[in-house]
Amino acid sequence: MFLTRLISGILLLVFTFVTMYFGGQLLLVALFLISLIGLYELYKVMKFEDTTLAAVGYLGAFAWYINIDTRPNAIIDFKVPELMIFSIVVVAALLVFVVKYPKYTANQLFSTIFGIFYIPVMISFIFKTRETIAFGQWLAWMAYVSSWGSDTCAYVVGRLFGKHKLAPVLSPKKSVEGAIGGVLGSALIGVIFGLIMSNYTGKSENLIVIFAVIGGLGSVISQIGDLAASGIKRNYDIKDYGHLIPGHGGILDRYDSMIITAPIVYFLSLYLVGRI
């Protein structure tokens with residue numbers, strides 16, 4: 001089991017490094033596929049993953065990703081307001097709900113709309129950070145640092161020093177000490193990124209502080225995302241969202257914290273650094 005988890009983790013890191021390094025449409029397509037699988041896993045929990053209502057969600061995710069690429073070499077040049085996409089998705093979901101009534105429940109209807117915002121939209125901010133923010137090729141990595149890096153630091157500190165339960169009902173193994181360790185560890189990795197950036201660009205104006213702040217705050221948000229995902233699984237009495245990544249579970253099991261960290265990293269970067 002450990003070896004399987006290790007190999008899967010290494011392959012996932014390679015996949016992440018390649019898509020993040022090249023960015024552009026490769027990253028866009030990778031995030032879209034992650035979003036599509038994540039939506040499928042969420043809809044499967046709600047028991048309507050292969051239905052017409054679910055198709056509305058999948059098509060909505062596709063429309064979102066086609067529309068957010070605003071670079072000169074984008075797949076399409078014509079763009080529509082983002083709220084228009086949401087409006088169309090809501091109307092389409094309501095139409096399917098009405099026409100097929102009573103095939104779908106209200107929970108499935110709400111999950112269709114919520115799922116699009118929760119997964120495709122929020123994780124797409126990794127692409128937005130990478131492609132539209134100054135130093136974005138570095139700052140976008142903070143979404144991963146604030147989730148995966150934070151999770152690793154929290155686990156190690158929690159195992160060594162954890163005594164006080166963070167959320168005893170929701171996640172009994174997590175500790176307050178581990179949570180603090182995750183925040184500090186993520187901020188420390190941010191400092192290292194800031195140092196590298198300062199040396200690489202020759203610019204030292206507050207980059208170390210900026211990366212540390214993004215790392216620390218991102219870690220806090222990522223832990224909320226992780227606990228929220230655990231709560232959804234407990235409500236539906238499942239251990240994992242899927243089995244796509246051996247030893248890790250499904251896409252949502254691996255990306256649950258990153259999903260809500262990505263927008264925070266983007267907006268902090270936008271406020272602290274600015275656009276290209």
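Residues numbered from 1 in each chain as written. Predicted model: local features only at pLDDT ≥ 70, side-chain atom pairs only at ≥ 80, totals over all residues. Heavy atoms only, no water.

Asks: Which residues make up the nonpolar core, and what are the values?
Replies: With 64 residues, the main nonpolar core has Leu-31, Tyr-65, Ile-123, Ile-126, Tyr-255 and Ile-259 as its most contacted residues. For Ile-123, the contacting residues outside a window of four places in its chain are Leu-31, Ile-34, Ser-35, Tyr-65, Tyr-255, Ile-259 and Ala-262. (Core = buried A, V, L, I, M, F, W, Y, C linked by side-chain atoms within 4.5 Å. Buried < 20%, exposed > 50% of the residue type's maximum accessible area, 1.4 Å probe, protein only. Contact = heavy atoms within 4.5 Å.)

Asks: Which residues make up the environment of Ile-126, and what are the values?
Replies: Positionally, Ile-126 belongs in helix 6 (residues 125-132). When the C-alpha atoms of Ile-126 and Tyr-266 are compared, they prove to be 7.3 Å apart, with 140 residues separating the residues in sequence. Excluding residues within four positions of it along the chain, Ile-126 makes contact with Met-20, Leu-27, Leu-31, Ala-140, Ala-143, Tyr-144, Met-258 and Ala-262. (Helix = DSSP H or I, 4+ residues; strand = E, 2+ residues; numbered from the N terminus.)

Asks: An account of the layout of surface pockets is requested, with residue identities and associated values reported.
Replies: Roughly 1800 Å³ of internal volume is contained in the largest pocket. In this structure, the largest pocket is lined by 50 residues; those nearest its centre are Arg-5, Asp-151, Tyr-155, Lys-174 and Arg-254. Counting only elements with at least two residues in the lining of the largest pocket, the list comes to helix 1 (2-22), helix 8 (141-161), strand 1 (165-167), strand 2 (171-175), helix 9 (176-201), helix 10 (207-235) and helix 11 (251-272). A per-element tally of the lining of the largest pocket places helix 8 first, with nine residues. Grouping the amino acids of the lining of the largest pocket by side-chain chemistry returns 16 nonpolar, 19 polar and 15 charged. Of the volumes computed, that of the second largest pocket is approximately 210 Å³. (1 Å grid on protein atoms, 1.4 Å probe; cavity = no way out; pocket = protein on both sides within 12 Å on 5 of 7 lines; lining within 4 Å. Points joined across faces, edges and corners; volume = space filled by probe spheres on them. Nonpolar A, V, L, I, M, F, W, Y, C, P; charged D, E, K, R; others polar.)

Asks: Which residues make up the packing of helix 2 (residues 24-45) against helix 3 (residues 52-68), and what are the values?
Replies: Helices that pack against each other are described as a pair by the angle of their axes relative to one another and the distance between those axes. Interaxial distance between helix 2 and helix 3 falls to 10 Å at its minimum, and their mutual angle equals 160°. Our classification of the angle between helix 2 and helix 3 gives roughly antiparallel. The handedness of the crossing between helix 2 and helix 3 comes out as right-handed. Taking contact as the criterion, the partners of Leu-28, Leu-31, Phe-32, Ser-35, Leu-36, Leu-39, Tyr-40 and Tyr-43 in helix 2 are, on helix 3, Ala-54, Gly-57, Tyr-58, Ala-61, Phe-62, Tyr-65 and Ile-68. (Axes fitted to C-alpha atoms, helices over the stretch in contact; angles between N-to-C directions. Parallel < 35°, antiparallel > 145°, perpendicular 65-115°, else oblique. Left-handed = near helix turned anticlockwise from the far one by under 90°.)

Asks: Run through the UniProt feature "transmembrane region" (unreviewed entry) in the protein, naming residues and quoting values.
Replies: Under the present numbering, the feature "transmembrane region" (unreviewed entry) in UniProt falls on residues 12-40, 52-68, 80-99, 105-127, 139-158, 178-200, 207-225 and 257-274. With 91% helix and 0% strand, residues 105-127 has end C-alpha atoms that lie 34 Å from one another. Span residues 178-200 is 100% helix and 0% strand, its end C-alpha atoms 32 Å apart. (UniProt positions renumbered as here; feature names shortened; annotations may be inferred.)

Asks: An account of the packing of helix 8 against helix 9 is needed here, citing residue identities and associated values.
Replies: Packing of helix 8 against helix 9 leaves a shortest axis separation of 7 Å and a crossing angle of 135°. Between helix 8 and helix 9, the interaxial angle falls into the category oblique. Relative to helix 9, helix 8 is oriented so that their crossing is right-handed. Contact residues: helix 8 offers Trp-141, Met-142, Val-145, Ser-146, Gly-149, Ser-150, Cys-153, Ala-154, Val-157, Gly-158 and Phe-161, while helix 9 offers Glu-177, Gly-178, Gly-181, Gly-182, Val-183, Gly-185, Ser-186, Ile-189, Gly-190 and Phe-193.

Asks: I'd love a proper account of the packing of aromatic side chains, names of residues and values included.
Replies: The full count for this structure, using the stated rule, is 19 aromatic pairs. Considering the side-chain rings of Phe-114 and Tyr-118, the 5.1 Å spacing of their centres and the 15° angle between planes classify their relative orientation as stacked. Of this pair, Phe-114 and Tyr-118 both sit in helix 5 (residues 106-123), four residues apart, roughly one helical turn. When its relative accessible area of 9% is taken as the criterion, Tyr-118 is described as buried. Three or more aromatic residues joined by ring pairs form one cluster here, namely Phe-17, Tyr-21, Phe-22, Trp-141, Tyr-144, Trp-148 and Tyr-255. The ring of Phe-125 is capped by Lys-128, whose NZ or CZ atom sits 5.7 Å from the centre of that ring. (Phe/Tyr/Trp six-rings, centres within 6.5 Å; stacked < 30°, edge-to-face > 60°. Lys NZ or Arg CZ within 6 Å of the ring centre and 35° of its normal.)

Asks: I'd like to hear about the pairing of strand 2, residue by residue, with values.
Replies: In this sheet, strand 2 lies alongside strand 1 in antiparallel orientation, the contact comprising two bridges. Note on strand 2: the bridge partner recorded for Lys-165 is Ser-175. Between strand 1 and strand 2, which pair antiparallel in sequence order, lie three residues. (Pairing = 2+ DSSP bridges.)

Asks: Tell me about the pattern of salt bridges, residues and numbers included.
Replies: Opposite charge on two side chains lets them pair, provided their charged atoms get close. Applying the stated criterion to the full structure yields six salt bridges. In this structure, Arg-130 engages Glu-131 in a salt bridge whose closest nitrogen and oxygen atoms are separated by 3.6 Å. For the residue pair Arg-130 and Glu-131, the accessibility class agrees, reading buried in each case. The residue Lys-233 makes a salt bridge to Asp-253 at a minimum N-O spacing of 2.9 Å. Here Lys-233, found in helix 10, pairs with Asp-253, found in helix 11; they are 20 residues apart in sequence, far enough to count as distant. A residue is classified by how much of its surface remains accessible, and Lys-233, at 12% relative accessible area, is buried. Exposure remark for Asp-253: the relative accessible area of 11% places this residue in the buried category. (Salt bridge = Lys/Arg side-chain N within 4 Å of Asp/Glu carboxyl O.)

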